[in-house]
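Structural overview
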Amino acid sequence: MRKATITFLLILAAIFLFCDAEKLFRKSPAIEEMTIQPKQVNPFDTVYAEVKATNPEEGILSYEWSISPDQGIFLDAIDNPAVRWVAPTAGGDYTFKVKVSNSYKSTERDESVKVIEAGLPIVRILSPDDGDYFIQLNEITIQAEAFHNNGINKVSLYIDDQLISEKSGSSSNQYNFQFTPDTTYLGKTEIKLTALANFSLTEGADSISVFIEGILPGKVNRILNL
Amino acid sequence: MYKSIFNIIIVASLLSSCKDIPRDNLLDPQNPNSYQQPTVLLEAFVNTNNPYSYNLWALQALDSIAEIYDGRVVIAEYHRNTSQYTDPLADPLFELLYDKYVQNSASSVKGVPDIFINGTGNRVQGASSVSSVINRLNAVLADLVILENHYTLQPGEAKINASEISASCKIARLGNRSSENLLLKMILLQRINNQELKRVVRDLKKSTVISRLEAGEIKTINFDPVSFTEKPDEIIFSLTSSDELIVYQSIQVAL
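Residues numbered from 1 in each chain as written. Chains lettered and ligands numbered in written order. Predicted model: local features only at pLDDT ≥ 70, side-chain atom pairs only at ≥ 80, totals over all residues. Heavy atoms only, no water.

**A word on the overall build of chain B**
Counted only if it meets this: Helix and strand labels come from DSSP, where a helix needs a run of H or I of at least four residues and a strand needs a run of E of at least two; each type is numbered from the N terminus. Burial status follows relative accessibility: with a 1.4 Å probe on protein chains alone, a residue under 20% of its type maximum counts as buried, one over 50% as exposed, and anything between as partly exposed. In what follows, a contact means two residues having at least one pair of non-hydrogen atoms within 4.5 Å.
Assigned secondary structure in chain B consists of four helices and 16 strands. Burial statistics for chain B: of 255 residues in total, 47% are counted as buried. Across chain B, every contact between residues at least 6 apart in sequence was considered, and the portion connecting residues at least 24 apart equals 65%.

Given below as structure tokens:
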């Protein structure tokens, strides 16, 4: 029992010796409110960010703002309690982070703002290739990728301008469609994919032409007596 | 005396020079560097007894291909039944060949028109126009006709009487390598009309398997007499692998 007390005292002594002991008993600044206005903006719009904090210790508070990903421009010094930030052209979710410090400790808080990009979604048909030939009544697999910084709302498949099917946006950006041309499709046929971006609702598209070749399907086995 | 010596010298020099004749003829099987231009076999499986145009487009495209690749391609037109349309020129023998080709192709989809190029190596199936078939065939043939080929086929004289035909063909192995497990096929064609039935296959015979053909070797294949009800107009001899899936060389002769 005595041995344990001695060990505890030794550890306590080490802490006091190697750490800033005073800091252990000091309090962090308290962030009362963080305001981001507006929370959804277009490129080049200005966002106003402000933090209200109190200091439980003596002395003044210091501030440090940052944005992630590191794009756009701060119009004010980032060590103020309030800053203005000009949104970049690239859409997406941006996270404001503020670090409020007193002489001893700091507190952080973050909040995000959405930048709505006006650019069209990028759509690319990966297969089939333009000019490929296919046989009537046999399934064609269409592989594509579609991307927008604000995400894709939906991807639609059109064959000769007729809507065939739709898929919701996928985080993988990969989309597969199946299409079986019936006897109404013959010769040069357009495959078009459109992608609708989230929020801005801008629409990107890619299209190729393939050839659907007619056949008389099947066989008659009975003549072989098999 | 001088004259005799002179004659002996002339003869001796001729003999010695003859011995050294270089075998540099590219068509000479004894020349290890010999090769031949290929003749590509196009086997079209069709059905012409239906209301659709697909098969006619394919056959018209083959007419154009025959003109474009004059002498570099030979065309055989096998008729077959489909699930809905029977063709009076179909033959179970052709269906067996078609089954074999389809089973050994990348796609197992059956349907006519279906054109196999030098066996199962290349396939053009379906048609949406004459030009679409020409374009697809051209894309394949442009590469095939410029390849070096190491077989020569030389048909012998065919003997025809009122109901039978006897034919033979020589095979020479060019180049410096031997080959194994070959088959020579004799395809009898009939020109029924000058439109879509120009090269209709009426019969198909196969040799026994040629187990080995040495470099430079020449082999004669004699086919058993084949009886017919309507006289064929042409014969295609086609050298294939023993499983018939690869066609090495072909030649067509008029009867």
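**A word on the overall build of chain A**
Inclusion rule: Accessible surface is estimated by sampling points in the Shrake-Rupley manner with a 1.4 Å probe; for residues, cover comes only from the protein chains shown. Counted as positive: Lys and Arg. Counted as negative: Asp and Glu. His and the chain ends are not counted at all. Charge positions come from single atoms, namely NZ of Lys, CZ of Arg, CG of Asp or CD of Glu.
Looking only at helices and strands, chain A features two helices and 17 strands. Taken along the three principal axes of its C-alpha coordinates, chain A extends 105 × 55 × 25 Å. Put simply, chain A has 226 residues, and 35% of those count as buried. Here the analysis covers contacts within chain A between residues at least 6 apart in sequence; of these, 61% occur between residues at least 24 apart. Counting every atom, chain A has about 12800 Å² of accessible surface; 51% of that belongs to carbon and sulfur. Each charge sign in chain A was given a centre, from 20 positive and 30 negative side chains, and these centres are 11 Å apart.

**Overview of the pattern of salt bridges**
Residues and elements named next belong to chain B. Filter applied, for reference: Salt bridge, as applied in this entry: a Lys or Arg side-chain nitrogen positioned within 4 Å of an Asp or Glu carboxyl oxygen.
A complete count under the given rule lists 21 salt bridges over all chains for this structure. Arginine 80 serves as the salt-bridge partner of glutamate 95, at 2.8 Å between the closest nitrogen and oxygen. Of the two residues, glutamate 95 sits in helix 3 (residues 92-103) while arginine 80 sits in the loop between strand 2 (73-79) and helix 3, which places them 15 residues apart along the sequence. Residue classification places arginine 80 among the buried residues on the basis of a relative accessible area of 1%. Between lysine 219 and glutamate 217 there is a salt bridge; the shortest N-O distance is 3.8 Å. Each of the salt bridges in this network shares a partner with another, and the network as a whole consists of Lys100, Lys185, Lys206 and Glu244.

**Some points on the interface of chain B and chain A**
Stated formally: Put simply, buried area is how much 1.4 Å-probe accessible surface two parts lose in total, over both of them, once they are put together.
Opposite the 27 residues of chain B that make contact, chain A presents 17 residues. In total, chain B and chain A occlude about 1900 Å² of area from one another, counting both sides; carbon and sulfur atoms represent 63% of this. Taken as a group, Tyr54, Ser128 and Arg136 of chain B account for 24% of the area that chain B buries against chain A, more than any other trio of residues on that side. At the junction of chain B with chain A, the criterion picks out one salt bridge.

**Some words on the packing of aromatic side chains**
Ring pairs (aromatic) are described by centroid distance and by the angle formed between their planes. Which entries qualify depends on this criterion: Ring pairs are drawn from Phe, Tyr and Trp, using the six-membered ring of Trp, whenever the two centres fall within 6.5 Å, and their geometry is named by plane angle: stacked under 30 degrees, edge-to-face over 60, tilted for the rest. Ring-over charges, as used throughout, are those where CZ of Arg or NZ of Lys falls within 6 Å of the ring centre and within 35 degrees of the ring normal.
Tallied over the full model, the rule gives 18 aromatic pairs over all chains. Pairing phenylalanine 45 of chain B with tyrosine 78 of chain B gives two aromatic rings, centres 4.8 Å apart and planes at 10°, and the pair type is stacked. Highlighted residues: phenylalanine 45 of chain B in strand 1 (residues 40-46) and tyrosine 78 of chain B in strand 2, separated in sequence by 33 residues. In this pair, the class of phenylalanine 45 of chain B matches that of tyrosine 78 of chain B, namely buried. Ring centres 5.2 Å apart and planes at 70° place the aromatic pair tyrosine 78 of chain B and phenylalanine 94 of chain B in the edge-to-face group. With a gap of 16 residues between them, tyrosine 78 of chain B in strand 2 and phenylalanine 94 of chain B in helix 3 connect regions that are remote in the sequence. Here tyrosine 78 of chain B falls in the buried class, since its relative accessible area comes to 0%. Classification of phenylalanine 94 of chain B as buried rests on a relative accessible area of 2%. The rings of Phe45, Tyr78, Phe94, Tyr98, Tyr101 and Phe116 of chain B are connected pair by pair, giving a single aromatic cluster. Between the NZ or CZ atom of lysine 167 of chain A and the centre of the ring of phenylalanine 177 of chain A, over which it lies, the distance is 5.4 Å. When the ring centre of tyrosine 158 of chain A is taken as origin, the NZ or CZ atom of lysine 192 of chain A, which lies over that ring, is 5.6 Å away.

**Focus: the pairing of strand 16 (residues 247-254) of chain B**
Residues and elements named next belong to chain B. The criterion, for reference: Note on pairing: two strands pair once DSSP finds at least 2 bridges between them.
Bridging between strand 15 (residues 234-241) and strand 16 involves seven bridges; their strand directions are antiparallel. Opposite leucine 239, over in strand 16, you have glutamine 249 as the bridge partner. Connecting the antiparallel pair strand 15 and strand 16 is a turn made up of five residues, with glutamate 244 showing a positive phi of about 70°.

**Regarding the sheet that holds strand 11 (residues 140-147) of chain A**
Residues and elements named next belong to chain A. Going by this rule: Orientation is described by lines fitted to C-alpha atoms, with helices fitted over the stretch in contact, and by angles between N-to-C directions that extend from 0 to 180 degrees.
As summarised here, the arrangement of the three strands in space is 9-11-14, forming an open sheet in which the pairing is antiparallel. Each end of this open sheet is capped by a strand with a single partner; those strands are strand 9 (122-127) and strand 14 (174-179). Averaged over all adjacent pairs, the angle separating strand axes in this sheet is 25°, with direction ignored. Of the strand pairs in this sheet, strand 11 and strand 14 are connected by six bridges, and their pairing is antiparallel. The partner of threonine 141 across the bridge, within strand 14, is glutamine 178.

**Description of the side chain of serine 241 of chain B**
All names here are of chain B. Going by this rule: Polar contacts, as counted here, are pairs of nitrogen or oxygen atoms within 3.5 Å of one another; within protein the pair requires one atom able to donate a hydrogen and one able to accept it, and residues that are adjacent in sequence qualify only if both atoms are side-chain atoms.
By the element assignment, serine 241 lies in strand 15. For serine 241, the side chain forms a polar contact with the side chain of aspartate 243, separated by 2.5 Å. Excluding its chain neighbours within four sequence positions, the residues that come into contact with serine 241 are Asn181, Leu183, Ile246 and Tyr248.

**Digging into the domain arrangement of chain A**
Basically, it comes down to this: Start and end positions for the domains come from either an automated domain assignment or a database one.
As assigned here, chain A comprises domain 1 (27-115) and domain 2 (122-223). Taking only C-alpha atoms into account, the centre of domain 1 of chain A sits 45 Å from that of domain 2 of chain A.

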